[in-house]
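# Structural overview
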Amino acid sequence: MDAMDVYESALGLIGGTPLVRLRTEGAAAVYAKLEYLSIGGSAKDRIGLRMVEQAEKDGLLRPGGTVVEATSGNTGIGLALVAAEKGYRSLVVVTDRVSEEKVNTLRAFGAEVVIKPSGHPRQHPEHPMSFAAHLAATTPGGWLANQYDNPANPEAHYLTTGPEIWRQTRGRVTHLVSCIGTGGTISGAGRYLKEVSDGGVQVIGADPASSVYAGGDGRPYFIEAAGHFLHPDTEQDVWPTSYHPDVVDRIVPVADRRALHTLRQLARDQGLLAGGSSGTALAAAHEVAAGAGADAVVVVILPDSGRQYLSKYFNDTWMLRLGFLDGDADAPRVADATPQDGDSAALPYLNTRTPVGDALNVLRARNLAGVEPVLPAGPCPAGPDRRPTAPELAGSVTLAGLEAALQDGGATLGDPLSDHLEPPLPQFGYGEPAHEAHGTLARHPRDTAVVLRDGCAQALVTSSGLSALVPTGH
Ligand SMILES: Cc1ncc(COP(=O)(O)O)c(C=O)c1O
């Protein structure tokens, strides 16, 4: 009798994802590998399975054991579904910047989720990786998956993703484009494709523009799970050993705005709802395809689904607030009340390490026409070409506040501003309707807000600047 055409468990539905041709402008063919069609919704299912099975083989994970991991979400989901199927407990540590959808998915698979504040350097005990290591060490039967340094991560892609691409393209693939997070996907799939093609396949990394992999300074960016962020207080920048830079021929930096618009366009034009890092990868793939010949076959990995980011990248309110959308040009916008780039009144800010004495000098120098200066305190180093990103705006300071603290002995001139911060200013995207921003600011104790463009502080806007644009009645 013929065997039934069925799967014996969810684990059989990990990987095996299709390639679909994308409509592109150039002559080269571009195929997207839809990793979101893996059973847990991302490329990370593959490593979840491989890391768990290797740990079982090595005797590191035993019946009744607990799988522990720090993750931006997808690896946790892959591990949690494998753990659920195999009867292990799972404990996942994420930061508060991971999307709500991912946290809810983790919980749905039975994972216990620990949410830690973002913004700690790697060596801090509350950093997710340090905390996960602590949990694994103190939980009986605990095993830390550690995707960043686990050889089973790139190996999973060497054994599955790479061979699938080779088979699906009948060996015609010429370029592989992939994001780099832990580096597992590009290192494993890239190494396989290079080996099997005798070095014929070009391997190209796609990276958020400020990520360290692409040569950026490591400041925050808004694409989850891709790239390498560097906290300014990081003592030693350690790259994951799952990333093998020798496999990568070149890296294409992609600004968040371009990644996000590419992503939204893909859903609207081609019916493919992919996640943020897919936008980064696809924008890079377009660039690669444009420079390749008509015979080129470019494969781009789309790691996960847009359904995980409906509250962010596909949400116009989120996009507008961070300054990734222009807004409605027919009505007054926040930008219309904002000094333009290059204007001497463009955003002044102090950084958190500035001594109180220096900050007072700056504030006094700017105290023109009786306006109370309120300066956002950003990261270190700060400067005209290093604008803080929204999450880095640590707080604000005022002349009156600092003078009062000096007078009552609560501050000394040498204290860093970080010891004397007041709450951050409200933030508006440059494309937001002026009347809405005005309404919000009117209800706020401060009269000044930060204007964001592409997720970065661009200027300050005041209530009076906005009110001049708002018809009476608003
Ligand atoms: C959505 C998404 N994109 C890209 C990546 C990067 O893949 P890798 O870690 O294999 O480099 C990840 C990894 O977590 C991811 O979840």
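Residues numbered from 1 in each chain as written. Predicted model: local features only at pLDDT ≥ 70, side-chain atom pairs only at ≥ 80, totals over all residues. Heavy atoms only, no water.

## Quick notes on the overall build of the chain
- Within the chain one finds 13 helices and 16 strands.
- In summary, the chain has a C-alpha radius of gyration of 25 Å against a globular reference of 23 Å for 474 residues, a match within 12%.
- Out of the 474 residues belonging to the chain, those deemed buried represent 53%.
- Put simply, 70% of the contacts in the chain that link residues at least 6 apart link residues at least 24 apart.
- One finds the centroid of the 38 positive side-chain charges in the chain at a distance of 4 Å from the centroid of its 54 negative side-chain charges. (Helix = DSSP H or I, 4+ residues; strand = E, 2+ residues; numbered from the N terminus. Rg over C-alpha atoms; globule rule 2.2 N^0.38 Å. Buried < 20%, exposed > 50% of the residue type's maximum accessible area, 1.4 Å probe, protein only. Contact = heavy atoms within 4.5 Å. Lys, Arg positive; Asp, Glu negative; His and termini not counted. Charge placed at Lys NZ, Arg CZ, Asp CG, Glu CD.)

## What about the sheet that holds strand β4 (residues 89-95)?
- As summarised here, the arrangement of the 4 strands in space is β5-β4-β3-β6, forming an open sheet in which the pairing is parallel. Each of the sheet's edge strands pairs with one partner strand only, and the pair in question is β5 (112-116) and β6 (142-144). Strand-to-strand, the axes of this sheet are offset by a mean angle of 20°, without reference to chain direction.
- Sheet topology places strand β3 (residues 66-70) next to β6; 3 bridges connect them, and they run parallel. Opposite V68, over in β6, you have L144 as the bridge partner.
- Packing of helix α3 (residues 100-108) onto the sheet brings it into contact with β4 and β5, and relative to β5 it is tilted by some 150°. (Pairing = 2+ DSSP bridges. Axes fitted to C-alpha atoms, helices over the stretch in contact; angles between N-to-C directions.)

## Looking at the domain arrangement of the chain
- Here the chain is described as being made up of domain 1 (15-39 + 155-316), domain 2 (44-144) and domain 3 (324-467).
- Taking only C-alpha atoms into account, the centre of domain 2 sits 38 Å from that of domain 3. (Domains from an automatic or database assignment.)

## Digging into the packing of aromatic side chains
- In the structure shown here, the tally under the stated rule is 9 aromatic pairs.
- Taking 5.9 Å as the distance between ring centres and 35° as the angle between the ring planes, the aromatic pair formed by W239 and Y243 counts as tilted.
- Consider the rings of Y313 and W318, whose centres lie 5.5 Å apart with planes at 80°: the pair is edge-to-face. Note on accessibility: Y313 and W318 belong to one class, buried. (Phe/Tyr/Trp six-rings, centres within 6.5 Å; stacked < 30°, edge-to-face > 60°.)

## Considerations on the site of the ligand
- Residues in contact with the ligand amount to 13 residues; listed here are only the nearest, K44, G181, T182, T185 and S277.
- The contact in question runs from an oxygen atom of the ligand to an N or O atom on the side chain of N74, over 2.8 Å.
- Contact with the protein chains removes 97% of the 380 Å² of surface that the ligand exposes when unbound.
- Per-class residue counts for the shell around the ligand are 4 nonpolar, 7 polar and 2 charged. (Near = heavy atom within 4 Å. Polar contact = N/O pair within 3.5 Å; in protein donor to acceptor, adjacent residues only side chain to side chain. Areas by Shrake-Rupley, 256 points an atom, 1.4 Å probe, with all protein chains shown as cover. Nonpolar A, V, L, I, M, F, W, Y, C, P; charged D, E, K, R; others polar.)

## Quick look at a nonpolar patch on the surface
- On the surface, Y7, L13 and I39 cluster together into a nonpolar patch covering about 290 Å² of accessible area.
- Examined against the element boundaries, I39 turns out to sit in the loop between β2 (29-34) and α1 (44-57). (Patch = residues over 30% accessible without salt bridge, like charges linked within 9 Å, V, L, I, M, F, W, Y side chains within 5 Å. Salt bridge = Lys/Arg side-chain N within 4 Å of Asp/Glu carboxyl O.)

## Overview of unusual backbone geometry
- Phi is positive for N146, close to 50°, though the residue is something other than glycine.
- Looking at where N146 falls in the secondary structure, it is placed in the loop between β6 and α5 (152-168).
- Although it is not a glycine, D454 sits at a positive phi angle of roughly 50°.
- Mapped onto the elements of the fold, D454 is located in the loop between β15 (448-453) and β16 (456-462).
- Classification of D454 as partly exposed rests on a relative accessible area of 31%.

## A closer look at the sheet that holds strand β14 (residues 427-429)
- Spatial strand order, β14-β15-β16: 3 strands in an open sheet with mixed pairing. Since the sheet does not close on itself, it has two edges, and those belong to β14 and β16, each with one partner. Taken over all neighbouring pairs, the strand axes of this sheet differ in orientation by 35° on average, direction set aside.
- Two strands pair when backbone bridges link them, and β15 and β16 are joined in this way by 6 bridges, in the antiparallel orientation. In the sheet register, V450 faces β16, and the bridge partner there is L460.
- Against the sheet, helix α12 (residues 434-442) contacts β14, β15 and β16, and its axis sits at roughly 175° relative to β14.

## Thoughts on the nonpolar core
- In terms of nonpolar packing, the biggest core is built from 48 residues, with L22, V177, L260, V300 and W318 touching the most fellow members.
- Top contributing element to this core by residue count: helix α8 (residues 276-290), with 7 residues.
- Taken together, domain 1 (15-39 + 155-316) and domain 3 (324-467) each give at least three residues to this core, which thus spans both.
- If we ignore the near neighbours within four places in the chain, the residues touching V300 are L22, V30, Y31, A32, K33, V177, A281, L282 and A285.
- Core analysis: the next-biggest nonpolar cluster, separate from the first, contains 18 residues, V67, L79, A152 and A156 among them. (Core = buried A, V, L, I, M, F, W, Y, C linked by side-chain atoms within 4.5 Å.)

## Section: α12
- For α12, the complete set of buried residues consists of A434, A437, H438 and L441. The buried residues of α12 occupy an angular sector of 100° when projected down its axis, which confines them to one face. (Arc of directions from axis to C-beta.)

## A short note on the pattern of salt bridges
- For the coordinates displayed, the defined rule picks out 20 salt bridges.
- Residue R50 pairs with E155 through a salt bridge whose shortest N-O separation is 3.0 Å. Here E155 lies in helix α5 and R50 lies in helix α1, a separation of 105 residues in the sequence.
- The class of R50 is partly exposed, set by a relative accessible area of 26%.
- According to the relative accessible area criterion, E155 is partly exposed, its value standing at 30%.

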